[in-house]
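Observations on the model geometry
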Amino acid sequence: MEQRSFAEDFFFDLMRDSQRVRAVHLAERERWIRTLEISGREEVLFELEMLLRGIDCFFNLRNLFGDKQPAPDRDFRQELKAARDATHRAAHLTRRLIVQKQEQALLFRSFVEATVADDRARARLGTELREQRTPEESLFLLRSGLCAHQGIVDHLLRVESTPQQVFIDVGRALRHELFVSRYFCPPAPLEFRAEYDRVSSVKVLEALRQSVDEKRRRAFALALLAAFRSLRALRYVPTSPIPHTRRVLVILALVRSELSALIGYLETELPRLVATVQGVGSAALAARDAAASLRAALQRVPPILSDAITARAQIDAHRDQLASAAKDTIGAIARALDPRLSRQAIFESGEERIEASQRLRFDLRVFRELCRASAERLGASDATVSMVEPVRRFSLEFRDVGYQLLRHSDRELFDLVRAWGPGGLENTPDRIQKAREDCRRLREVLDRALENVGKRAELKNYPLDEREVREALARRLAAV
């Protein structure tokens, strides 16, 4: 791993490669989300795009009924209500992602467009907004379209029944609204977003970090990102006593669709990606076993509308079965990376979140102390630029595990050490001073990150082991 610099985030490169189009818009959107001073912005963005993906999937009848197609005279009112509720929630979330000042400016522009008498001026104003020059404009345009479709659906629901063709036509119109969005077009099943997609298990991240075969590492990481994203989506199908909303049907249809796409990837693409001149190898065979297990699990979980839903227990059982299938898949993939891992080792302890927070806190503390010690060494009269080496080495380790556990908005400041590759710094007074200043600034970033992580409720009864921190610091400072 030594050949990779700190700024060359493996997961970032993987996600960027999965984004086959719109790379410029997605990069601009990523910069924009980091500037938003909105609490929980990454989670809001995840829920928004989850619902957009769900709306796209929900109007594919195979995701609702499987191979057993509905009766031609079926009334789709309940399904249309579920889509309407998902659309309403998505429109609400777009409003939360636009700061008030920008929101007021966009509303005023929309008001002027609607009231100006000169059609030429009105066309010009409308064209400017439809160009979607910024993420805010794209969000506002998306929200306007979603609200308009919600109003149409509200009126359609006043009719006594909703034929299948009307349901499909509403879906076509809604999907068109989604896919003309430059910045918020819903990602495909195996297309990922750096803002919120994560492998959230420390054990799995360690197994990926230890993999020496880069092709194998990338292939399995993509499958893991897909499985963990499905698990995260299922959190929005709440457990009792929290009441369900109709949009949980949209989420369950989405998860089933994306797990089905994961089966295809494990059966066909992953073996091709890890193949060598000797053959596909044991890794590909393990992936095929995981795909077979996931396929069998989905066959035991009928599509959400293949049978009439009469009780909440049916939806809860559906959610639990899909979550179990995703966890089984993660366990099988992890075992292919490290035979010591299993579903039980990753999930059954019930302490995954505590383990992740503890690891992140420990890594941040060691990183901060390394920056402090290196800055002191670089301030000496006989300092050399090699004294930054402990920080550079730890940055590679941190990038593969602890960094992946950070919120996306906390990541940008860690790119201070992007030039600290092996031999990347000349041994001159200016370079030494620059490295010292970077250590000082990075320590300030780590102080803030440590303060935020230390507030997590799950760490309240788990104090940091100071002796373990000192030992880790001593080992890394001695390994120059």
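Residues numbered from 1 in each chain as written. Predicted model: local features only at pLDDT ≥ 70, side-chain atom pairs only at ≥ 80, totals over all residues. Heavy atoms only, no water.

Within the protein chain one finds 19 helices and zero strands. Taken across its 480 residues, the protein chain has 53% of its residues classed as buried. Partitioning the contacts of the protein chain with sequence separation of at least 6, the portion at a separation of at least 24 is 81%. Carbon and sulfur atoms provide 51% of the accessible area of the protein chain, an area that totals close to 22,600 Å². (Helix = DSSP H or I, 4+ residues; strand = E, 2+ residues; numbered from the N terminus. Buried < 20%, exposed > 50% of the residue type's maximum accessible area, 1.4 Å probe, protein only. Contact = heavy atoms within 4.5 Å. Areas by Shrake-Rupley, 256 points an atom, 1.4 Å probe, with all protein chains shown as cover.)

It is worth spelling out the side chain of Ser 230 at this point. Relative to the elements of secondary structure, Ser 230 occurs in helix H11 (residues 214-234). What Ser 230 contacts, discounting residues up to four positions off in sequence, is Val 255, Glu 258 and Leu 259.

Scanning the entire structure with this criterion turns up eleven aromatic pairs. Arranged with centres 6.1 Å apart and planes meeting at 75°, the rings of Phe 58 and Phe 167 form a pair that is edge-to-face. Of this pair, Phe 58 sits in helix H3 (residues 41-58) while Phe 167 sits in helix H9 (residues 164-179), and the two are 109 residues apart along the sequence. Residue Phe 167 is classed as buried on the basis of its relative accessible area of 0%. A ring pair is formed by Phe 367 and Phe 394, whose centres lie 5.4 Å apart and whose planes are at 70°; its orientation type is edge-to-face. (Phe/Tyr/Trp six-rings, centres within 6.5 Å; stacked < 30°, edge-to-face > 60°.)

This part covers the packing of helix H10 (residues 202-210) against helix H16 (residues 352-378). For the pair H10 and H16, the least separation of the axes is 9 Å and the interaxial angle reads 55°. Regarding the angle of H10 to H16, the classification is oblique. The residues of H16 that touch H10, namely those facing Val 202, Lys 203 and Glu 206, are Glu 355, Ala 356 and Arg 359. Partitioned by chemical class, the residues of the contact of H10 with H16 number two nonpolar, no polar and four charged. (Axes fitted to C-alpha atoms, helices over the stretch in contact; angles between N-to-C directions. Parallel < 35°, antiparallel > 145°, perpendicular 65-115°, else oblique. Nonpolar A, V, L, I, M, F, W, Y, C, P; charged D, E, K, R; others polar.)

Before going further, it helps to spend a moment on unusual backbone geometry. Here the bond from Ser 240 into Pro 241 is cis, since omega is 10°, no more than 30 degrees from zero. Along the polypeptide, Pro 241 turns up in the loop between H11 and helix H12 (248-274).

Glancing now at the pattern of salt bridges. Counted by the stated rule, this structure contains 43 salt bridges. Residue Arg 89 is joined to Glu 47 by a salt bridge in which the shortest nitrogen-to-oxygen separation is 2.8 Å. Here Glu 47 lies in helix H3 and Arg 89 lies in helix H5 (residues 77-96), a separation of 42 residues in the sequence. Given the relative accessible area of 9%, Glu 47 is considered buried. (Salt bridge = Lys/Arg side-chain N within 4 Å of Asp/Glu carboxyl O.)

As for its placement among the helices and strands, Ala 284 is situated in helix H13 (residues 281-300). Given a relative accessible area of 0%, Ala 284 falls into the buried group. For Ala 284 and Glu 269, which are 15 residues apart along the polypeptide, the C-alpha to C-alpha distance reads 9.6 Å. If we ignore the near neighbours within four places in the chain, the residues touching Ala 284 are Leu 270, Pro 271 and Val 274.

Time to look at the nonpolar core. One finds Phe 58, Leu 64, Leu 97, Leu 224, Leu 262, Tyr 265 and Leu 266 to be the most contacted residues of the largest nonpolar core, which totals 144 residues. Contacts of Leu 224, omitting those with residues within four sequence positions, involve Val 199, Val 204, Leu 208, Ile 330, Ile 333 and Leu 337. (Core = buried A, V, L, I, M, F, W, Y, C linked by side-chain atoms within 4.5 Å.)

All right, on to the packing of H11 against H12 then. For the pair H11 and H12, the least separation of the axes is 10 Å and the interaxial angle reads 170°. The angle between the axes of H11 and H12 places the two elements in the roughly antiparallel class. Within the contact between the two elements, H11 uses Lys 215, Arg 216, Ala 219, Phe 220, Leu 222, Ala 223, Ala 226, Ala 227, Arg 229, Ser 230, Ala 233 and Leu 234 and H12 uses Ile 251, Leu 252, Val 255, Glu 258, Leu 259, Leu 262, Tyr 265, Leu 266, Leu 270, Leu 273 and Val 274.

Moving on, we get to H5. The terminal C-alpha atoms of H5, which comprises 20 residues, lie 29 Å apart, in line with the 28 Å expected from a rise of 1.5 Å per residue. A large share of H5 lies buried, amounting to 15 of its 20 residues. (Expected span 1.5 Å × (residues − 1).)

Take the environment of Val 301 next. Residue position: Val 301 is located in the loop between H13 and helix H14 (312-337). Once the C-alpha coordinates of Val 301 and Gln 321 are considered, the two residues, 20 residues apart in sequence, prove to be 6.7 Å apart. Setting aside chain neighbours within four positions, we find Val 301 in contact with Arg 256, His 318, Gln 321 and Leu 322.

Turning next to the side chain of Arg 256. The topology assignment puts Arg 256 in helix H12. The buried charged residue Arg 256 lacks any salt bridge, with Asp 67 as its nearest oppositely charged partner at 8.4 Å. A polar contact of 2.5 Å, which involves the side chain of Arg 256, links it to the backbone oxygen of Val 301. Residue contacts for Arg 256: discarding those within four places in its chain leaves Asn 63, Leu 298, Val 301, Pro 302 and Pro 303. (Lys, Arg positive; Asp, Glu negative; His and termini not counted. Polar contact = N/O pair within 3.5 Å; in protein donor to acceptor, adjacent residues only side chain to side chain.)

Moving on: H11. With 21 residues, H11 extends 31 Å between its outermost C-alpha atoms, agreeing within 8% with the 30 Å of an ideal straight helix rising 1.5 Å per residue. Counting buried positions along H11 yields 18 of 21 residues, so the element is predominantly enclosed.

Atom-level detail of predicted coordinates should not be read off regions where pLDDT is low. Mean pLDDT over the protein chain works out to 84, with 86% of the residues at or above the 70 mark. Long-range and interchain partners of residues 1-8, a stretch whose pLDDT sits below 50, account for 28 contacts in this model, where long-range means more than four residues apart. (pLDDT = per-residue confidence, 0-100.)

Glancing now at the environment of Arg 393. By the element assignment, Arg 393 lies in helix H17 (residues 389-400). Given a relative accessible area of 36%, Arg 393 falls into the partly exposed group. Expressed as a C-alpha distance, the spacing of Arg 393 and Arg 476, which sit 83 residues apart in the sequence, is 8.5 Å.

This structure, assessed with the given rule, holds zero disulfides. Cys 371 provides the cysteine sulfur closest to Cys 439, a residue in no disulfide bond, and the two sulfurs are 5.1 Å apart. (Disulfide = S-S within 2.5 Å.)

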